[in-house]
Amino acid sequence: MQLRMPGVVAMAAVFLSGCGGSSSAPPPPPAPTVTAVTPANNATGVSITAPDITATFSEAMTASTFTASTFTLTSSNGAVTGTVSYSSSNDQATFTPSAALAYNTSYTAT
């Protein structure tokens, strides 16, 4: 026995054709990206006494979103304390450690 339901197929075709239609709203702009960092990823020989860590963004950011809890520096020994600033003139966030970093230690900025 073969079941035919041409009305259901036609309704499904009309419904699905409306799902991909164009919208009057433009797509959202692309998210900002990090365009440069210092020191470079996996850098060696970085000063332990003046190691400002910077991230430069592809567009202006909201300065108040950069805090010691949103821009962090960590090692296997835990979080590094420091201050965070943002420069709107060059779209750059900077983490400055409060004390010298340890020798022969890998750090991760996030």
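Along each chain, residue indices are assigned from 1 in the same order as the chain's sequence is written. Under the rules for a predicted model, residues below a pLDDT of 70 receive no local features and side-chain atom pairs below 80 are neither given nor counted, while totals for whole chains, interfaces and linings still include all residues. Remark: hydrogens and water are excluded; side-chain values derive from all non-hydrogen atoms of the structure.

Undergrad: Could you give an account of the overall build of the protein chain, naming the residues involved and the relevant values?
TA: Numbering of helices and strands runs from the N terminus, with a helix taken as a DSSP run of H or I at least four residues long and a strand as a DSSP run of E at least two residues long. Counting its secondary structure elements, the protein chain contains one helix and seven strands. Walking the protein chain from its N terminus toward its C terminus, one meets helices and strands in the order α-β-β-β-β-β-β-β. Relative accessibility under 20% of the residue-type maximum defines a buried residue, over 50% an exposed one, and the middle range a partly exposed one, all with a 1.4 Å probe and only protein chains included. Every one of the 110 residues in the protein chain was classed for burial, and the buried ones make up 18%. By definition, residues are in contact when any of their heavy atoms lie within 4.5 Å. Pairs at least 24 apart in sequence give 52% of the contacts found in the protein chain among residues at least 6 apart. Accessible surface area values rest on a Shrake-Rupley calculation with a 1.4 Å probe, where residue burial reflects the displayed protein chains alone. Of the roughly 8,100 Å² that the protein chain leaves accessible, carbon and sulfur atoms contribute 59%.

Undergrad: So what about the sheet that holds strand β4 (residues 78-79)? Which residues, and what values?
TA: Two strands qualify as a pair provided DSSP detects at least 2 bridges between them. Spatially, three strands are ordered β4-β3-β7 in an open sheet, and the strand pairing comes out antiparallel. Looking at strand neighbours, the two that pair on one side only are β4 and β7 (108-109), the edges of this open sheet. For strand β3 (residues 73-75) and β4, the ladder comprises two bridges, and the chain directions are antiparallel. Considered in β4, the bridge of S75 is made with G78.

Undergrad: Got a sec to walk through the pairing of strand β5 (residues 82-87)? Specific residues and values, please.
TA: In this sheet, strand β6 (residues 92-97) lies alongside β5 in antiparallel orientation, the contact comprising six bridges. Pairing of S87 across the sheet is with Q92, part of β6. Adjacent in sequence and paired antiparallel, β5 and β6 are bridged by four residues, among which D91 carries a positive phi angle near 55°.

Undergrad: Give a description of the nonpolar core that names residues and reports values.
TA: Residues enter a nonpolar core if they are buried and are Ala, Val, Leu, Ile, Met, Phe, Trp, Tyr or Cys, with the set joined through side-chain atoms within 4.5 Å. With 13 residues, the main nonpolar core has F66, F71, L73, A93 and F95 as its most contacted residues. If you tally residues by element for this core, the top one is strand β2 (residues 53-57), at three residues. If we skip the residues at most four places from it in the chain, A93 touches I53, T54, A55, F57, F66, F71, S85 and Y86.

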